[in-house]
Amino acid sequence: MSGREGGMVMEEEVMVNRKVVLKHHLPPDRMPKESDMELVATDTVRLRVPSGSTAVLVKNLYLSCDPYMRSRMTKHDEPSYVPDFVPGTPISSHGVGKVLDSGHPDFKVGDYVWGMTGWEEYSLITSTEHLIKINHTDVPLSYYIGILGMPGLTAYAGFYEICSPKKGEYVFISAASGAVGQLVGQFAKLMGCYVVGSAGSDEKVNLLKNKLGFHEAFNYKKEPDLNKALKRCFPEGIDIYFENVGGAMLDAVLANMRLNGRIAVCGMISQYNLGKHDGVHNLLALIAKCIRMQGFLVSNYYKCYREFEEKVVQYMKEGKIVYIEDIAEGLENAPSALTGLFAGRNVGKQLIVVARE
Ligand SMILES: NC(=O)c1ccc[n+]([C@@H]2O[C@H](COP(=O)([O-])OP(=O)(O)OC[C@H]3O[C@@H](n4cnc5c(N)ncnc54)[C@H](OP(=O)(O)O)[C@@H]3O)[C@@H](O)[C@H]2O)c1
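The rules we used
Residues numbered from 1 in each chain as written. Predicted model: local features only at pLDDT ≥ 70, side-chain atom pairs only at ≥ 80, totals over all residues. Helix = DSSP H or I, 4+ residues; strand = E, 2+ residues; numbered from the N terminus. Rg over C-alpha atoms; globule rule 2.2 N^0.38 Å. Buried ≥ 20, exposed ≤ 12 C-beta atoms within 10 Å, placed from the backbone. Domains from an automatic or database assignment. Contact = placed C-beta atoms within 7 Å. Nonpolar A, V, L, I, M, F, W, Y, C, P; charged D, E, K, R; others polar. Core = buried A, V, L, I, M, F, W, Y, C linked by C-beta atoms within 7 Å. Pairing = 2+ DSSP bridges. Axes fitted to C-alpha atoms, helices over the stretch in contact; angles between N-to-C directions. Parallel < 35°, antiparallel > 145°, perpendicular 65-115°, else oblique. Left-handed = near helix turned anticlockwise from the far one by under 90°. Arc of directions from axis to C-beta.

Caption draft 1: Main features of the overall build of the protein. Summing up its helical and strand segments, the protein has 9 helices and 19 strands in all. Computed over C-alpha atoms, the radius of gyration of the protein comes to 22 Å, within 12% of the 21 Å expected from 2.2 N^0.38 for 357 residues, which places it in the range of a compact globule. Summarising its shape, the C-alpha atoms of the protein cover approximately 75 × 45 × 35 Å along the three principal directions.

This is the structure we're talking about:
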């Protein structure tokens, strides 16, 4: 294919663009399966932005798997806070990419960027409002969908803004070895808190205690009584609960909170594949113990992004914070990586490598 620009005939490269599409909407009451998605290798893409547009064409390098994507696989009658996926089109998620062409003054060819993109090799990004140029290319670029991206900002806003932490407080984090939880624990440790995490395997518990610096951790799948497990770890009760899972864990935590405790409701992954959500029985504790329980969305905190990025890069360079990633190689392995989140197969931040450069 060729085009005329400035009097010169330019070759316009057209490439095969492999993509992972959602085959159909899922009912709300079951786990996602790999067979709900498929790899399509027949489409092509022109590696130029349409002339006159402010779009950015990226080569996708790393793609993210996040629990909230499950909700997007179901069709909602009432619009959700994120739009439903459209069957037959690529799944979308945060990603890191390299700019191949740009009609936008803020993004140049060769820049690395992160933001919402498609599960495909190349994406034409027309909505650039939340596309962010990567400033630090001396850290792994994949970190921009983990510790330096949306999950990192979630941990930062959720802990420092919602939890109002103080030195010496008792902090509990569920799904503690995951993309968000591992960072919350390290922030709490840096603040001088006593930090305990729960996770779903002995391998994860070991990482929490020996790599991520948690004071204590337990495998919730092996605990016959969550209330007793929490009493064992927190004989004096919990000041701050960073909620990632919901369900039975939330009830057990409510029974172990201290006076003036705070619960940051980040997520409730145990409920994401249920048609009818579990009830919560111990809410009375909120009154007697004067507990503040507050939900939040990371999308309301992008104004703090650069402040957060600089602080966390600094912590990383000083060796004060580490980050564990679980890397799936190739778009063809993306469906299994995404479904793995709901079975707890990921150890650390789950991401997909599409290309390394
Ligand atoms: N509010 C926001 O803006 C915001 C932004 C980002 C993320 N989130 C939420 O934050 C939470 C953590 O997200 P993440 O990206 O860090 O995910 P993640 O922890 O890296 O991965 C999900 C983990 O959840 C655990 N899990 C899965 N099913 C479970 C169940 N039925 N009961 C208990 N645990 C279960 C598994 O770990 P185990 O092996 O430990 O079970 C799994 O590895 C999610 O609830 C997510 O929706 C919220």
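After presenting the structure, the write-up continues.
Caption draft 2: View of the environment of glycine 181. Structurally, the position occupied by glycine 181 is in helix H3 (residues 181–190). Classification of glycine 181 as buried rests on a count of 28 C-beta atoms within 10 Å. For the pair glycine 181 and proline 151, spaced 30 residues apart in sequence, the C-alpha separation works out to 8.9 Å.

Caption draft 3: Region of interest: the domain arrangement of the protein. Taken domain by domain, the protein holds domain 1 (2–146 + 324–353) and domain 2 (150–299). Centre-to-centre, using C-alpha coordinates, domain 1 lies 30 Å away from domain 2. If you look at the interface, domain 1 gives 16 residues, while domain 2 gives 19 residues. A breakdown of the residues in the side of domain 1 that touches domain 2 according to their chemical character gives 7 nonpolar, 5 polar and 4 charged.

Caption draft 4: Inspection of the nonpolar core at higher detail. Grouped together as the largest cluster of nonpolar side chains are 99 residues, with contacts concentrated most on Val56, Val184, Phe242, Val253, Ala334 and Ile352. When residues in this core are grouped by element, the largest group, 7 residues, is from helix H2 (residues 150–162). Both domains that furnish three or more residues to this core are identified here as domain 1 (2–146 + 324–353) and domain 2 (150–299). Excluding anything up to four places from it in sequence, isoleucine 352 contacts Tyr62, Leu63, Cys65, Ala328, Leu331, Asn333, Ala334 and Ala337.

Caption draft 5: Here's a closer look at the pairing of strand S8 (residues 92–102). Of all 11 residues that make up S8, 8 are buried, and the element is covered over most of its length. Bridge analysis of strand S7 (residues 56–64) against S8 gives 7 bridges, and the strand direction is antiparallel. Bridging from a neighbouring strand, leucine 63 pairs with glycine 95 of S8. Taken together, the 7 bridges between S8 and strand S9 (residues 112–118) define a ladder with antiparallel strand orientation. Paired with histidine 94 across the strands is methionine 116, a residue of S9.

Caption draft 6: Expanded view of the sheet that holds strand S13 (residues 194–199). Read from one edge of the open sheet, 6 strands run S14-S13-S12-S15-S16-S17, paired in parallel fashion. Sheet topology places strand S14 (216–219) and strand S17 (292–295) at the edges, where each strand pairs with a single neighbour. Direction aside, neighbouring strands of the sheet carry axes that sit 15° apart on average. Here strand S12 (residues 170–173) pairs with strand S15 (residues 238–243) via 3 bridges, running parallel. In the strand pairing of S15, isoleucine 173 is matched with phenylalanine 242.

Caption draft 7: Molecular detail of the environment of glycine 146. As for its position among the elements, glycine 146 is in the loop between strand S11 (132–133) and H2. Classification of glycine 146 as buried rests on a count of 27 C-beta atoms within 10 Å. Distance from glycine 146 to cysteine 65, taken between C-alpha atoms, is 10.0 Å for residues 81 residues apart in sequence. When near neighbours in sequence (up to four residues on either side) are disregarded, glycine 146 contacts Pro151, Gly152, Ala179, Tyr323, Glu325, Lys349 and Leu351.

Caption draft 8: The arrangement of the packing of H2 against H3 in detail. Running from amino to carboxyl end, H2 crosses H3 at an angle of 45°, the nearest separation of the two axes being 8 Å. Here H2 is positioned oblique relative to H3, judged by the angle of their axes. Where H2 crosses over H3, the handedness of that crossing is right-handed. Judged by residue contacts, Gly152, Ala155, Gly158 and Phe159 of H2 engage Leu183, Val184, Phe187 and Ala188 from H3. Its residues placed into classes, the contact of H2 with H3 shows 6 nonpolar, 2 polar and no charged.

Caption draft 9: Spatial organisation of helix H5 (residues 226–233). For H5, every residue scored as buried is listed here: Leu226, Ala229 and Leu230. When H5 is viewed along its axis, its buried side chains cluster within an angular range of 95° and face the same direction. Among the structural elements, S14 and helix H6 (248–254) are those in contact with the buried residues of H5.

Caption draft 10: Focus on the packing of H2 against helix H8 (residues 305–317). Taken N-terminus to C-terminus, the directions of H2 and H8 make an angle of 95°; their axes are 10 Å apart at the nearest point. Judged by the angle between their axes, H2 and H8 are roughly perpendicular. Contact residues: Gly152, Leu153 and Tyr156 in H2; Tyr305, Phe308 and Val312 in H8. Grouping the amino acids of the contact of H2 with H8 by side-chain chemistry returns 5 nonpolar, 1 polar and no charged.

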